[in-house]
Amino acid sequence: MPAPATAQPFLFACCREGSEASLKADVLRRHATLLTPAFMRPQLITWKARAPVDETFDLATPFARVSGLSLGPCKTEAEVVEKITSRSLTRISLHVFPRVAPEDGAIDWKALDAIRDRVSTALQNAGITLDEAAEHVLSLIVDDKPEAAWFSGLRKRRAGDPLPCGGLPRIVLPSHAPSRAWLKAEQALAWRGWDKVDLSHQTALDLGCSPGGASLALLDRGMKVIGVDTGDMDESVLRHDSGGFRHLRVPLARLDTSKLPSTFDLLLCDINLAPPEVLPHIASLCQTCRVPRLILTLKLNHPTFEQRVDEFVGYIRSFAPGPVFVTQLAANRREVCVMAGE
Ligand SMILES: C[S@@+](CC[C@H](N)C(=O)[O-])C[C@H]1O[C@@H](n2cnc3c(N)ncnc32)[C@H](O)[C@@H]1O
């Protein structure tokens with residue numbers, strides 16, 4: 001049975017640390033007539049809606065890692081159960097995750113999983129089926145102060161919904177990674193479920209590959225990698241056991257595409273150039289080579305670029321394989337991640 005639209009609903013969104021102002025500004029640009037900012041904590045923002053909305057409402061902002069309808073605070077398992085039974089939901093997916101997520105991915109999941117297990121038991125005792133693939137996702141957002149109530153929210157899954165719980169894959173930057181780009185690459189793969197795809201023996205083109213975090217992640221997954229960057233590569237990449245890395249030490253504009261393979265299974269770009277500079281090169285590469293999957297980091301280090309994300313993504317849609325999704329990963333800084341392809 002569909003849940004009733006709440007009369008005076010609130011919406012919520014979680015974002016990375018430091019992106020709260022970007023998230024608020026982006027939501028204001030998109031929904032100024034509908035939404036007014038309400039309760040706000042680091043990495044969690046809520047808005048009051050001036051008209052009825054339900055859990056299908058899409059904030060459609062790249063700066064929200066997860067969003068949905070706010071169900072408000074819950075102090076006990078019984079309160080969580082009441083929120084779900086009062087909406088006549090009988091099958092849900094339960095995601096328990098922290099409000100504050102560090103950008104290096106180091107989250108203590110043990111305490112969170114214990115809460116998830118207790119709440120799961122209470123929900124199941126009330127006749128609610130827990131199913132990871134259920135179309136309704138209940139988010140329980142756990143505060144960093146143990147005495148604080150959990151914040152609860154509900155969303156109906158939609159295309160491009162993050163696959164990991166809370167949009168926070170259980171991946172920590174390893175000490176041997178040459179750069180944080182290792183984590184960005186792994187989080188991107190997990191976000192779309194490509195971490196479950198067997199990438200071994202496939203070939204990647206890694207643009208802006210130095211010092212080599214992303215290349216190392218792909219090499220460790222068994223890929224062959226052609227990396228383009230004028231900078232030096234870390235020894236762990238150059239001397240990778242697989243011998244699968246080839247360095248083209250040229251700027252992107254001087255890349256001779258006639259010397260590249262005609263197909264790449266994956267194209268990554270993390271070049272620290274403005275999107276208007278770098279995207280035309282990616283478009284031209286996609287016309288020259290067959291590339292079924294893209295992971296592009298769009299650098300938003302100019303004040304106006306945050307407002308132009310839709311324009312950049314629209315341009316990417318004009319040349320990249322579909323579907324195209326954009327989000328800000330937990331490990332992104334002043335940038336967003338665009339993923340294109342199935
Ligand atoms: C954020 S770093 C990339 C980190 C890298 N992806 C990793 O995994 O370690 C940005 C890189 O873009 C490179 N870069 C900047 N302009 C470039 C250009 N025109 N052509 C190729 N690489 C460029 C820089 O040399 C720098 O190494």
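Residues numbered from 1 in each chain as written. Predicted model: local features only at pLDDT ≥ 70, side-chain atom pairs only at ≥ 80, totals over all residues.

(A) Region of the structure containing the nonpolar core. Formed by 97 residues in total, the largest nonpolar core has its most connected members in Trp 182, Ala 185, Leu 267, Leu 268, Ile 295 and Val 338. No other element matches helix α4 (residues 181-192), which puts eight residues into this core. Counting only domains with at least three residues in this core, you end up with domain 1 (10-167) and domain 2 (181-340). Residues contacting Ile 295, with those up to four places away along its chain left out, are Ala 185, Ala 188, Leu 266, Leu 268, Cys 337 and Met 339. (Core = buried A, V, L, I, M, F, W, Y, C linked by C-beta atoms within 7 Å. Buried ≥ 20, exposed ≤ 12 C-beta atoms within 10 Å, placed from the backbone. Helix = DSSP H or I, 4+ residues; strand = E, 2+ residues; numbered from the N terminus. Domains from an automatic or database assignment. Contact = placed C-beta atoms within 7 Å.)

(B) Quick peek at the site of the ligand. The ligand sits among 21 residues. The nearest are Ser 179, Ala 181, Gly 208, Ala 214 and Asp 270. Top contributing element to the shell around the ligand by residue count: helix α5 (residues 213-220), with three residues. Looking at the shell around the ligand residue by residue, the class counts come to 10 nonpolar, nine polar and two charged. (Near = placed C-beta within 6 Å. Nonpolar A, V, L, I, M, F, W, Y, C, P; charged D, E, K, R; others polar.)

(C) Here's a closer look at helix α7 (residues 275-288). In a regular helix each residue adds 1.5 Å, so 14 residues correspond to 20 Å; α7 covers 20 Å between its end C-alpha atoms and thus fits that length. Within the span of α7, buried status applies to Pro 275, Val 278, Leu 279, Ile 282 and Leu 285. All buried residues of α7 project into a common sector of 120° when viewed along the axis, lining one side. Away from the buried face of α7 by more than 90 degrees, exposed residues Glu 277, Gln 287 and Thr 288 are located. On its buried face, α7 is in contact with β12 (266-269), β13 (294-299) and α8 (309-319). (Expected span 1.5 Å × (residues − 1). Arc of directions from axis to C-beta.)

(D) Geometry of the pairing of strand β4 (residues 66-74). Relative to β4, strand β1 (residues 10-14) runs antiparallel, the two sharing four bridges. Bridged to Leu 11 within β4 is Leu 69. Judged from the five bridges that link them, β4 and strand β8 (residues 150-156) form a sheet pairing that is antiparallel. Paired with Gly 72 across the bridge in β8 is Ser 152. (Pairing = 2+ DSSP bridges.)

(E) Inspection of the packing of α4 against α5 at higher detail. Where α4 meets α5, the axes come as close as 6 Å, and the angle between the chain directions of the two elements is 50°. One element, α4, and the other, α5, form an angle in the oblique class. Here α4 and α5 pass one another in a crossing that is right-handed. Mapping the contact onto sequence places Ala 181, Trp 182, Lys 184, Ala 185 and Glu 186 in α4 and Gly 213, Ala 214, Leu 216, Ala 217 and Leu 218 in α5. In terms of residue class, the contact of α4 with α5 is built from seven nonpolar, one polar and two charged. (Axes fitted to C-alpha atoms, helices over the stretch in contact; angles between N-to-C directions. Parallel < 35°, antiparallel > 145°, perpendicular 65-115°, else oblique. Left-handed = near helix turned anticlockwise from the far one by under 90°.)

(F) Examining the environment of Pro 42 more closely. Looking at where Pro 42 falls in the secondary structure, it is placed in the loop between β2 (35-41) and β3 (44-49). When the C-alpha atoms of Pro 42 and Val 100 are compared, they prove to be 7.0 Å apart, with 58 residues separating the residues in sequence. Excluding its chain neighbours within four sequence positions, the residues that come into contact with Pro 42 are Glu 17, Glu 20 and Val 100.

(G) Structural view of the sheet that holds β8. Reading across the sheet, the eight strands line up as β2-β3-β1-β4-β8-β7-β5-β6 and stay open at both edges, with mixed pairing between neighbours. A strand with exactly one partner marks an edge of an open sheet, and here the two such strands are β2 and β6 (129-130). When β1 meets β3, the two strands line up antiparallel, connected through five bridges. Each residue of the ladder has a partner; that of Ala 13, found in β3, is Ile 45. Packed onto the sheet, helix α3 (residues 109-125) meets β5 (91-98), β6 and β7 (136-142) and runs at close to 155° relative to β5.

(H) Expanded view of the sheet that holds strand β11 (residues 245-248). Read across the sheet, seven strands follow the order β11-β10-β9-β12-β13-β15-β14 without closing on themselves; strand pairing throughout is mixed. Two strands close off the open sheet at either side, each with one partner strand: β11 and β14 (324-327). Averaged over all neighbouring strand pairs, the angle between strand axes comes to 15°, with direction disregarded. In this sheet, strand β15 (residues 335-340) lies alongside β14 in antiparallel orientation, the contact comprising four bridges. Bridge pairing in β15 links Val 324 to Ala 340. Most of the contacts of α8 go to β14, to which it runs at about 155°, and overall it touches β13, β14 and β15.

In short, shape yes, function no, at least from these values alone.
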